[in-house]
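As a plain string of letters, each chain reads:
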Amino acid sequence: MYLCPIQGVPRPFSFAPNVSGIGSGSPGPQSGQAVLDIGWVLCHGLTYCPGCSLLTLTGSSLSQSRKTWRKKMDFLLSVIGYAVDLGNVWRFPYICYQNGGGAFLLPYLLMALFGGVPLFYMELALGQFHQSGCISIWKHICPIFKGIGFSICVIGLYIAFYYNTVMAWAMYYLLSSFQTTLPWATCFNTWNTANCTHLTPGNPNTSWTNGSTSPAEEFYIRHILQLHLSPGLHELGAVNWQLALCLLLIFTVVYFSIWKGVKTSGKVVWLTATLPYLVLLVLLIRGATLPGAWRGVVYYLKPDWWKLLSTTVWVDAAVQIFFSLGPGFGVLLALASYNPFHNNCYKDALLTSSINCLTSMLSGLVIFTVLGYMAEVRQQGVDAVARDIGPSLLFIICAEAIASMPAANFFAIIFFLMIITLGLDSTFAGLEGLITAMLDEYPQVLGRRREWVVLGLVCLCYLGALSTVCYGGAYIVKLLEEYATGPALIAVVFLEIAAVSWFYGTSRFCRDVQVMLGFLPGQFWRVCWRAICPCFLLFILGSFLASPLEIKLFGYLYPPWSAILGYIIGASPLICVPCYMVYYLLSTRGTFRQHSSYIHLESVLSPTPRKKPVCHNDLKR
C-alpha cells in the first residue's frame, strides 16, 4: 500500500474506480487491492467524477497548509483551560453540597461516563479527522445540517457578550487589591450604608443579624455593579466607565493572545492554564489552617444517600457535567482541527475530561474551607453562609474571607488573578471556535486576513458587552446566562449527535476514527453515541422545559416580559437550522422526492466536492 500524502491515509495501488462500491459500507481497501471502493473514497474526503474518471479533492483533503500546534502540550493545555472555567469554581461546589455532598459524586461520575465524555471524545475526533470548524465540517458529514454550525456561532456570540464582563469585575478587584487596605474590608467608604457590619475573628463586640450586610457585599453591589442606580431591567442606566475600561483591557489581552492563531494562544495557555492550579493549591493549604475550615469540608463531602432518590439530583449532575466539559460550543472541533491527523485524541479526551472532574472536586475543597471559616466568623451554619451561587460566591463570600486573613492583599491578588486566567482560557477557546468557523467557511475572502477578522470579532464582542457594564448590566448578564446557553445549546448538541450517529452513521464515524488512530472505538462508545447520549441530552432538555425559570438577582424579581425576551434569545440560534435546511432544498435542483433521495444517499453519506479535479495519476505522485 502507498501512504496517501493527504492526511496520511492508506490508499490502494490502483485508483481504477469501482462504481458498484458506492454505499457498500466497506471499511476501506485492503493491501494489494486493485479496485478502489468508491464508498471508502467518499468517506475520506475524495469524490469520484464518473464523466472524467477523476477523483476530486474535498474538504479536509485540502488542509495540508493548515497550521498545527507547536507541541502536543499546547493543545492539551488549551483544551484543559477551556473545560476548566469559572463554573468549576462557583457552580460545582454549590451543586455538590446541595445534592447530597459526597453522594452527589455517584450521579456526577455516571453522567460523565455515559454522557459527557462520549460527547467530548466525539467532538475531538470529528474536528481532528475533518480538520474543519463548526460550519464547514458539515459538508463532510451531512450538508443539510449545516445550520447547526451557524447556530453554534450565534450561541458563541451571546456568551462573549456577557462572559468577559465577569472577568472585568475580577480585573477591578485585582487592581483594587494593590491598595494599602482592601476597599471591601471596611465600612467607612462612600458607598457603604448603615447596615454594613464588619466582623473580625474573635471580636465579640459585633454580631451578625438578618439585616446585616458585609463590606464585601456592598463593595460588589454598590461600588462595582452600582445596581442601586438602576431601577431594573427596563432602565439599565449609563455605562460604568471604570468597568468599561476593565472590559477593554480584557479584550485587548484576548486579541493579542489569539490574533496569530494557535501559534500564539498555544504559548499563552502555558501561563493561563497552569496558574489556576498553583493558586488553588496555595489557597487550599492556607484555607486548611483557618478556624472552622474542616467544618466546611465535612459539610461539603458528608454524603446524604437519600437524596439520590430525587430526580433533581440526577438532572443537576447531568447539567453540571455537560456545561463543564463544554461540547456543542464548536470549540473542541476547532482546537482538534489543528492537531496532526494521527494524534491520539482518544487518550486526550480521557485525560482532559478526568482533569476537569478532579479540578471541580479540588475547587470544592478550596471554596468550602473558606465557607467553613466564614461560618465560624459569623457564628452561623455553613448552609446559611453558602446560600449564594455564581459570581456572588466569589466576589462576596470569598472576597470577604480573604479580607480577614493575614497578608490579605497577597491572597486577594492571586485569587482574582486566578479568576481572570480561568476566564481568559475559556474566552481564547470560545473565540477561536468562532474564528476557525469563519475562516474555514470563507477561506477565499478571510483566509489571509486573520488579524483583521480577529480584530473585527473582538470589537463586535466589546460593543455587544457594553450593555453588561451599565449600572443595571448585571441584570443582562443574568438574563443571558440563564437563556442563551440553556435549552438552545442542548438542542443544538442533540441535533449534532443525531446527524453524526443516525445520518452520517456510527459505523462510518468509527471507521474514520480507525483511519486516524489505527483501532475501532469499542462497543461501549458506539452504544453511547447511538443511544445513550441522545437520551442523556433529551433528559437535560426535558428538565429545562419542565421547570419554567423564575430569575431573581439580589432581591430583584425579573418582570414577566423578561421571560419572553429570554425565550426569543434562546430560540434565535435554533432558527438557523430550519432556515438553512429550506435554503439547501431550494438551492438544490430536482423535485422534493429527488431531494429526499439525495439527502439520504448523497448529502448525508458524501462530502461536497471542491471544484479542483485531481487526476488519479497525480495522486500517486
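Fair warning: this is a prediction, and the values are worked out from it, not measured in the lab. (Residues numbered from 1 in each chain as written. Predicted model: local features only at pLDDT ≥ 70, side-chain atom pairs only at ≥ 80, totals over all residues. Heavy atoms only, no water.)

### Quick look at the overall build of the protein chain
Along the backbone of the protein chain there are 27 helices and 9 strands. When burial is assessed residue by residue, the protein chain has 60% of its 621 residues classed as buried. Considering only intrachain contacts with a sequence separation of at least 6, the fraction spanning at least 24 residues in the protein chain is 79%. A total of about 24800 Å² of accessible surface is found on the protein chain, and carbon and sulfur atoms cover 66% of it. (Helix = DSSP H or I, 4+ residues; strand = E, 2+ residues; numbered from the N terminus. Buried < 20%, exposed > 50% of the residue type's maximum accessible area, 1.4 Å probe, protein only. Contact = heavy atoms within 4.5 Å. Areas by Shrake-Rupley, 256 points an atom, 1.4 Å probe, with all protein chains shown as cover.)

### Quick notes on the nonpolar core
Counting 196 residues, the largest nonpolar core has Trp184, Phe416 and Leu431 as its most contacted members. Per-element accounting of this core gives the leading share, 19 residues, to helix 7 (residues 147-176). Not counting the four nearest positions on each side in its chain, phenylalanine 416 is found in contact with Ala170, Tyr173, Leu174, Ser177, Trp184, Phe395 and Ala399. (Core = buried A, V, L, I, M, F, W, Y, C linked by side-chain atoms within 4.5 Å.)

### Section: helix 24 (residues 560-571)
Here helix 24 is 12 residues long and its end C-alpha atoms lie 17 Å apart, about the 16 Å a rise of 1.5 Å per residue gives. Among the residues of helix 24, those classed as buried are Ser562, Gly566, Ile569 and Gly570. Along the axis of helix 24, the buried positions cluster into a sector of 95°, meaning they face one direction only. Exposed positions of helix 24 whose direction lies more than 90 degrees from the buried face are Pro560, Ile564 and Ile568. (Expected span 1.5 Å × (residues − 1). Arc of directions from axis to C-beta.)

### Description of unusual backbone geometry
With a phi angle near 55°, glutamine 226 is a residue other than glycine that sits in the positive phi range. Tracing the backbone through its elements, the reader meets glutamine 226 in the loop between helix 8 (215-225) and helix 9 (241-258). Unusually for a residue other than glycine, alanine 407 sits at a positive phi of about 55°. Here alanine 407 lies in the loop between helix 17 (391-403) and helix 18 (408-441).

### Regarding the state of the cysteines
With the rule as written, the count across this model stands at 1 disulfide. One disulfide bridge connects cysteine 187 with cysteine 196, the sulfur atoms lying 2.0 Å from each other. Negative torsions about the S-S bond denote left-handed disulfides, and the value of about -75° found for cysteine 187 with cysteine 196 makes this one left-handed. Assessed through its relative accessible area of 12%, cysteine 196 is described here as buried. Between cysteine 134, a free cysteine, and cysteine 153, which holds the nearest cysteine sulfur, the sulfur-to-sulfur gap is 3.9 Å. (Disulfide = S-S within 2.5 Å.)

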